[in-house]
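What the coordinates show
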Amino acid sequence: MAASPYEVNVATIMHKPGSMRELELDVTVPERIGEGMLYFDKGAQLEVDLRLETLVDGILASADVRGTLTGNCSRCLKPLEEAWSGHVAEMFGYQADESLEYALDGDVINLEGPIRDAVVLDLPFQPLCEPDCLGLDPQTGEKLTEPLPEVEDAVDPRWAQLEQLLQSGEAAADSDESNDSTESNK
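What comes next concerns the included structure. Since the structure is predicted, the reported quantities are computational estimates derived from the model, not experimental observations.

Rules behind the numbers
- Residues numbered from 1 in each chain as written.
- Predicted model: local features only at pLDDT ≥ 70, side-chain atom pairs only at ≥ 80, totals over all residues.
- Heavy atoms only, no water.
- Phe/Tyr/Trp six-rings, centres within 6.5 Å; stacked < 30°, edge-to-face > 60°.
- Helix = DSSP H or I, 4+ residues; strand = E, 2+ residues; numbered from the N terminus.
- Buried < 20%, exposed > 50% of the residue type's maximum accessible area, 1.4 Å probe, protein only.
- Lys NZ or Arg CZ within 6 Å of the ring centre and 35° of its normal.
- Salt bridge = Lys/Arg side-chain N within 4 Å of Asp/Glu carboxyl O.
- Core = buried A, V, L, I, M, F, W, Y, C linked by side-chain atoms within 4.5 Å.
- Contact = heavy atoms within 4.5 Å.
- Pairing = 2+ DSSP bridges.
- Patch = residues over 30% accessible without salt bridge, like charges linked within 9 Å, V, L, I, M, F, W, Y side chains within 5 Å.
- Areas by Shrake-Rupley, 256 points an atom, 1.4 Å probe, with all protein chains shown as cover.

On to the packing of aromatic side chains, then. Summed over the entire model, instances satisfying the criterion amount to two aromatic pairs. A centroid spacing of 5.9 Å and a plane angle of 85° characterise the contact between F40 and W84, whose relative ring orientation is edge-to-face. Residue F40 is found in the loop between β3 (38-39) and β4 (45-55), and its partner W84 is found in strand β6 (residues 79-93); the two are separated by 44 residues along the sequence. Both residues of the pair, F40 and W84, belong to the buried class. Over the ring of Y39 we find R32; its NZ or CZ atom is 3.5 Å from the centre of that ring.

So this is what it looks like as structure tokens:
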């Protein structure tokens, strides 16, 4: 089985508290990260600036991660490419421990989980091609360049009679007010 592109060998700094190592990694994403409208597709490139610091009971991995997300606008479905950057900080214990989420696998740490978590938690739920994207015309399917005119809601025929009564009641009230003001002027 081929090694994961997220794996980093830490044999040279293991069990040496106070040791530090900095690496620059270029990771080719082996499978899609993110299931929404915006994601890192298979084959996308991630730049990872990694800092490994040895502690008494494990290795602290801190990384700045950058890449280009791809996907579609949630309103008009226009293809999108958006730069993304995030920060990851995770402790990898020498021993599997319930207080730590990740542990070393021999002399290797696997950054896939922390990177995937950081990306997925930061993805926008409804990405837009531009902040004021109007979406698609429901009739033609074309991208809107101007807002649709507001259409008055049709009155449900079951309420039509009530609508007429309300309108006649308002007309009678207006007529009564004008009569009252005419009489008070006399």
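Once you've had a look at it, read on.
With that out of the way, let us pick up the pattern of salt bridges. Tallied over the entire structure, the rule returns six salt bridges. We note a salt bridge from E47 to R66, for which the minimum N-O separation is 3.3 Å. In this pair, E47 sits in strand β4 while R66 sits in strand β5 (residues 58-72), placing the two residues 19 residues apart along the sequence. Note on R66: relative accessible area 29%, which makes it partly exposed. R116 is paired through a salt bridge with E112; the nearest N and O atoms lie 3.2 Å apart. Taken as a pair, R116 and E112 lie in helix α1 (residues 112-122) at a separation of four residues, close to a single helical turn.

With that out of the way, let us pick up the nonpolar core. Ranked by internal contacts, the top residues of the largest apolar core, which has 36 residues, are V10, F40, L52, I109, L111 and I115. Looking at this core, the elements that each hand over two or more residues are β4, β5, β6 and α1. If we skip the residues at most four places from it in the chain, L52 touches V8, V10, I13, S19, M20, R21, L23, I59, L60, A61 and I109.

Relative to β6, β5 runs antiparallel, the two sharing 15 bridges. Residue pairing for β6: R66 is matched across the bridge by S85. Linking β5 to β6, which pair antiparallel, is a turn of six residues; within it L77 sits at a positive phi near 65°. The pairing of β6 with strand β7 (residues 102-103) spans two bridges and is classified as parallel. Looking at β7, one finds that F92 is bridged to Y102.

Taken together, V155, W159, L162, L165 and L166 make up a surface patch of nonpolar side chains, about 510 Å² in accessible area. You can see W159 is positioned in the loop between α1 and α2 (160-185). Residue W159 is classed as exposed on the basis of its relative accessible area, which comes to 52%.

Moving on, we get to unusual backbone geometry. Leaving glycine out, the prevailing phi sign among residues is negative, and the prevailing peptide bond configuration is trans. One non-glycine residue, H15, adopts positive backbone phi at about 55°. Within the fold, H15 resides in the loop between β1 (7-9) and β2 (20-28). The backbone phi angle of L77 is positive, close to 65°, even though this residue is not glycine. Here L77 is to be found in the loop between β5 and β6.

A word on the environment of F92. Looking at the element boundaries, F92 is found in strand β6. Each C-alpha atom of the pair F92 and R51 lies 13 Å from the other, and the pair is 41 residues apart in sequence. Not counting residues up to four positions away in its chain, the partners in contact with F92 are G58, I59, A61, Y102, A103, L104, I109, N110, L111 and P114.

These results come straight from atomic positions and should not be treated as a statement about function.
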